[in-house]
Amino acid sequence: MKFIHIPTIVWAFLIGGLAFSACEKNKEILATWDVAGANSEMAHLRIVHAAPNFRLVTGQADSIHVFVNNVKVNGARLTYGGLFPAQTNNSYIGLTPGDVDLKISVGGVVNIDSIPVTTLKVKLDKGNFYSLIITDSIMNGSRDSAKMFLRDNFILPNPGRVSLRLVHAMVDTADRRVDVWSARRNNVLYSNVLPGAIFSFSNQPFINIPDTLIVRRAGTTTELGRINNVTFADQRIYTLFLRGDVRLTSGAKARGITFYANR
């Protein structure tokens, strides 16, 4: 991948086939969902909680729920680093396409929907895939791109290839650039990447040998994070993901790099 691509940011959801129950204490509203298919009439969504300073930014607890048209679509409360659905080969929920209302809420004692954090009106298109990556910019209405609702434009790779993209969601108040280094290739995979940058999916050779991926300050060997013994599977699609607070070197919300499978 040579060029950074910032896709059109859309915020949109609608869920079909929902199991609904009253908002009582300790009662959860769970959405039914189906596996995304290649020719599906549904839209498809993956949710990632990547806001290390959510509590500081919003003044609320960082265990959250996502609602579509006032019905909760995630399972248990999402905390930092959490994904919904959980990691599987088909890691998207099926949603009815159309114009919808999206809401992120913090649960209260009696009502799981008692403390709305932000609401948006959006549109989803059938057959498309989306990732909602909740970042520290969730409250910043002037920077929708920083909230990272992404259309996941990918194509199943041919045998002997994998598809990768990079999303830079690491919090860096100085907006300094980074490189992502591959130890196996002894070369930079992504260079001079600004916070908030989103790369397109790109097919890469499948090599069944573990790699170590290292995040560095651009043009230096100053390390910000790494993942060891990474082996991607043939014909799979992945998002490399820079996350955490660059000021933190340890703990659950420390700066680092991880990945998740899209398909």
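See the structure printed just above.
Notes on the structure follow. (Residues numbered from 1 in each chain as written. Predicted model: local features only at pLDDT ≥ 70, side-chain atom pairs only at ≥ 80, totals over all residues. Heavy atoms only, no water.)

## Some points on the overall build of the protein
A count of helical and extended segments in the protein gives two helices and 17 strands. Counting the 263 residues in the protein, one finds 51% classified as buried. Of the roughly 11,900 Å² of accessible surface on the protein, a fraction of 50% belongs to carbon and sulfur atoms. (Helix = DSSP H or I, 4+ residues; strand = E, 2+ residues; numbered from the N terminus. Buried < 20%, exposed > 50% of the residue type's maximum accessible area, 1.4 Å probe, protein only. Areas by Shrake-Rupley, 256 points an atom, 1.4 Å probe, with all protein chains shown as cover.)

## Notes on the nonpolar core
Counting residues in hydrophobic clusters, the biggest one holds 25 residues, and the most contacted among them are Leu-45, Ile-47, Phe-54, Ile-64 and Ile-134. Contributing elements (two or more residues each) for this core: strand E1 (43-49), strand E2 (64-68), strand E5 (93-95), strand E6 (98-106), strand E7 (115-124) and strand E8 (129-134). Leaving out residues up to four positions away in the same chain, Ile-64 has contacts with His-49, Phe-54, Asn-74, Arg-77, Leu-78, Ile-104, Ser-105, Val-106 and Ile-134. Core analysis: the next-biggest nonpolar cluster, separate from the first, contains 23 residues, Leu-164, Ile-227, Val-230 and Leu-240 among them. (Core = buried A, V, L, I, M, F, W, Y, C linked by side-chain atoms within 4.5 Å. Contact = heavy atoms within 4.5 Å.)

## Comments concerning the pattern of salt bridges
In the structure shown here, the tally under the stated rule is nine salt bridges. Asp-62 serves as the salt-bridge partner of Lys-253, at 2.7 Å between the closest nitrogen and oxygen. You can see Lys-253 sitting in the loop between strand E16 (237-243) and strand E17 (256-261) and its partner Asp-62 sitting in the loop between helix H1 (54-58) and E2, a full 191 residues away along the chain. The buried category is assigned to Asp-62, whose relative accessible area is 9%. One salt-bridge network, held together by shared partners, links Arg-55, Asp-62 and Lys-253. (Salt bridge = Lys/Arg side-chain N within 4 Å of Asp/Glu carboxyl O.)

## What to know about the sheet that holds strand E11 (residues 178-182)
On the basis of which strands lie adjacent, the open sheet formed by four strands has the order E12-E11-E14-E15 and antiparallel pairing. Each edge of the sheet is formed by a strand with only one pairing partner; in this case those strands are strand E12 (187-193) and strand E15 (223-230). Across the sheet, the mean angle separating the axes of adjacent strands is 15° when strand polarity is ignored. Bridge count for strand E14 (residues 211-217) against E15 is five bridges, and the pairing is antiparallel. Looking at the pairing, Arg-216 lines up with Glu-223 of E15. (Pairing = 2+ DSSP bridges. Axes fitted to C-alpha atoms, helices over the stretch in contact; angles between N-to-C directions.)

## Some remarks on the packing of aromatic side chains
Centre-to-centre distance and the angle between the planes together describe a pair of aromatic rings. All chains considered together, the criterion is met by 10 aromatic pairs. With a centroid separation of 5.5 Å and 85° between ring planes, the pair formed by Phe-154 and Phe-201 is classed as edge-to-face. Highlighted residues: Phe-154 in the loop between strand E9 (149-151) and strand E10 (161-168) and Phe-201 in the loop between E12 and strand E13 (202-205), separated in sequence by 47 residues. For Phe-154, a relative accessible area of 17% gives the class buried. (Phe/Tyr/Trp six-rings, centres within 6.5 Å; stacked < 30°, edge-to-face > 60°.)

## A few points about the sheet that holds E16
Strand order across the open sheet formed by four strands is E13-E10-E16-E17, with mixed pairing between neighbours. Both edges of this open sheet fall to E13 and E17, since each of them pairs with a single strand only. With strand direction ignored, the average angle separating the axes of adjacent strands in the sheet is 35°. By the bridge criterion, six bridges tie E16 to E17 in an arrangement that is antiparallel. For Tyr-238, the partnering residue across the bridge sits in E17 and is Ala-261.

## As for the environment of Asp-234
The topology assignment puts Asp-234 in the loop between E15 and E16. Judged by relative accessible area, Asp-234 falls into the partly exposed class, the value being 31%. A sequence separation of 71 residues divides Asp-234 from Ser-163, and the C-alpha atoms of the two residues are 9.2 Å apart. Sequence-distant contacts of Asp-234, that is, excluding residues within four places in its chain, are made with Asn-158, Pro-159, Gly-160, Arg-161, Val-162 and Phe-206. Side-chain polar atoms of Asp-234 contact the backbone nitrogen of Gly-160, separated by 2.8 Å. (Polar contact = N/O pair within 3.5 Å; in protein donor to acceptor, adjacent residues only side chain to side chain.)

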